[in-house]
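# Examining the three-dimensional arrangement
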Amino acid sequence: MGSDGQDGVACTMPDPNLGDVSGAIRLRRWAWALLSGRPQPVPEASSGAWRLFLDREACAAALARAPAPDIPDGVRARAARESQRILLARAELAAVAGAVAKAGLTVIPLKGTDALRTPDAALTLKDVDVLARPNDAAATERALEAGGFAAASFRSYLHVVLTRPGTDLPVELHGTIWPQAARSADELWRAASPAAAVPGLWTLAPADHLWLSLVHVVAVHPERFGRLRDLLLIREAAARCGADDRTAVADRIGADLLHQE
């Protein structure tokens with residue numbers, strides 16, 4: 001098993017042995033308890049188990065900020081790398097916002113990218129995801145190119161990938177949304193609102209942000225189901241929701257389950 005690169009650092013390791021897997025599971029339990037405000041002693045684990053845990057769970061930056069005196073040095077070292085990635089992503093999002101605002105356009109940060117709008121973001125990410133208004137997708141791409149971004153030759157029906165020279169963190173510009181969401185981009189935009197004091201950026205309605213965060217990890221990338229980094233994103237999204245928002249998301253989950261039967 002190798003790293004999936006979510007923290008932006010190329011980390012590879014041979015397939016782990018059962019002892020490393022067992023150790024990584026113990027470390028995951030320790031980490032979730034700490035991140036849930038229930039600190040416990042750090043369990044004994046091999047270096048392979050630590051690498052497997054840190055690569056898979058991608059939550060070192062959040063762990064390093066937890067109020068615990070015994071955060072291991074290896075976690076803090078990985079947290080520093082994740083924090084660098086977060087800073088780079090924030091710079092790319094700012095560049096995107098500036099370029100689209102200059103053209104009189106707007107985009108919505110999606111999933112973990114939305115967290116970059118807050119100064120205490122602790123969720124590492126491998127790219128910056130933004131959603132353009134469907135009718136403005138081509139104009140938004142041109143605005144980004146005018147702002148110094150270059151589009152990759154490959155593009156899907158969902159997005160085009162753009163990068164700025166000197167960075168290895170791509171921007172995924174979506175003109176539509178995953179079909180698993182059962183929500184159109186137009187519906188998401190109708191419920192969205194301008195992001196406070198950030199020209200060029202809008203923000204999803206709380207229920208839509210939680211719903212998309214759930215859909216992305218459960219339906220689009222089921223291999224990441226239960227990953228601590230994604231659980232933290234879902235927890236933060238849920239914390240934004242009021243009672244009506246949570247009811248709306250529960251209703252969407254129920255409708256989705258009925259649709260699958």
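For the structure given in this document, a descriptive report is provided here. (Residues numbered from 1 in each chain as written. Predicted model: local features only at pLDDT ≥ 70, side-chain atom pairs only at ≥ 80, totals over all residues. Heavy atoms only, no water.)

Turning next to the side chain of Asp 129. On the secondary structure map, Asp 129 appears in strand E2 (residues 128-132). Note on Asp 129: relative accessible area 5%, which makes it buried. There is a polar contact of 2.8 Å between the side chain of Asp 129 and the side chain of Lys 111. Apart from residues no more than four positions distant in its own chain, Asp 129 is found in contact with Ile 108, Pro 109, Leu 110, Lys 111, Thr 113, Glu 172 and His 174. (Helix = DSSP H or I, 4+ residues; strand = E, 2+ residues; numbered from the N terminus. Buried < 20%, exposed > 50% of the residue type's maximum accessible area, 1.4 Å probe, protein only. Polar contact = N/O pair within 3.5 Å; in protein donor to acceptor, adjacent residues only side chain to side chain. Contact = heavy atoms within 4.5 Å.)

Sheets are built from strands paired through backbone hydrogen bonds, the pairs being either parallel or antiparallel. If you walk across this open sheet you meet the 5 strands as E1-E2-E5-E4-E3, and the pairing is mixed. Each edge of the open sheet carries a strand with a single partner, namely strand E1 (107-109) and strand E3 (150-155). When the angles between neighbouring strand axes are averaged without regard to direction, this sheet yields 30°. Of the strand pairs in this sheet, E2 and strand E5 (residues 171-174) are connected by 4 bridges, and their pairing is parallel. Its bridge partner lying in E5, Val 128 is registered against Val 171. (Pairing = 2+ DSSP bridges. Axes fitted to C-alpha atoms, helices over the stretch in contact; angles between N-to-C directions.)

Counting residues in each nonpolar core, the largest one holds 53 residues, and the members touching the most others are Phe 53, Leu 63, Val 96, Val 128, Val 130, Leu 144 and Leu 173. Once you skip the residues sitting within four places of it in the chain, Phe 53 turns out to touch Ala 24, Leu 27, Arg 28, Ala 31, Ala 58, Cys 59, Leu 63 and Leu 228. Leu 110, Ala 185, Ala 192 and Ala 237 belong to the second-largest nonpolar core, a separate cluster that totals 23 residues. (Core = buried A, V, L, I, M, F, W, Y, C linked by side-chain atoms within 4.5 Å.)

Before going further, it helps to spend a moment on the pattern of salt bridges. Pairing between side chains becomes possible if they bear opposite charge and their charged atoms approach one another. For the structure on display, the rule yields 14 salt bridges. With a shortest N-O distance of 3.0 Å, Asp 168 and Arg 85 are connected by a salt bridge. Within this pair, whereas Asp 168 is found in the loop between strand E4 (159-163) and E5, its partner Arg 85 is found in helix H4 (residues 73-102), the two being separated by 83 residues in sequence. Classification of Arg 85 as buried rests on a relative accessible area of 8%. Put simply, Arg 224 and Asp 230 hold a salt bridge, and the shortest N to O gap is 2.8 Å. As far as burial versus exposure is concerned, Arg 224 and Asp 230 are alike and both buried. One network of salt bridges, in which partners are shared, links Arg 224, Arg 227, Arg 229 and Asp 230. (Salt bridge = Lys/Arg side-chain N within 4 Å of Asp/Glu carboxyl O.)

For helix H1 (residues 18-35), built from 18 residues, the straight-helix expectation of 26 Å at 1.5 Å per residue is met to within 8% by its first-to-last C-alpha distance of 26 Å. For H1, the secondary structure elements touched by its buried residues are helix H2 (47-57), helix H3 (60-64) and helix H8 (228-240). Between the side-chain oxygen of the N-cap and the backbone nitrogen of Gly 19 there are 3.0 Å, and the N-cap of H1 in question is Asn 17. Positive phi appears at Gly 37, one or two residues downstream of H1, with a value of about 80°. (Expected span 1.5 Å × (residues − 1).)

Here the focus is the packing of aromatic side chains. By the definition in use, this model includes 3 aromatic pairs. Between Trp 30 and Trp 50, the aromatic rings sit 6.0 Å apart at their centres with planes inclined by 80°, giving edge-to-face as the arrangement. Pair noted here: Trp 30 is in helix H1 and Trp 50 is in helix H2, with a separation of 20 residues, a long-range link. Their ring planes at 75° and their centres at 6.0 Å tell us that Trp 50 and Phe 53 sit as a pair that is edge-to-face. With Trp 50 and Phe 53 both in helix H2 and 3 residues apart, this pair spans about one turn of that helix. Neither residue differs from the other here; Trp 50 and Phe 53 are each classed as buried. Here a set of aromatic residues connected by ring pairs shows up, and it is made of Trp 30, Trp 50 and Phe 53. (Phe/Tyr/Trp six-rings, centres within 6.5 Å; stacked < 30°, edge-to-face > 60°.)

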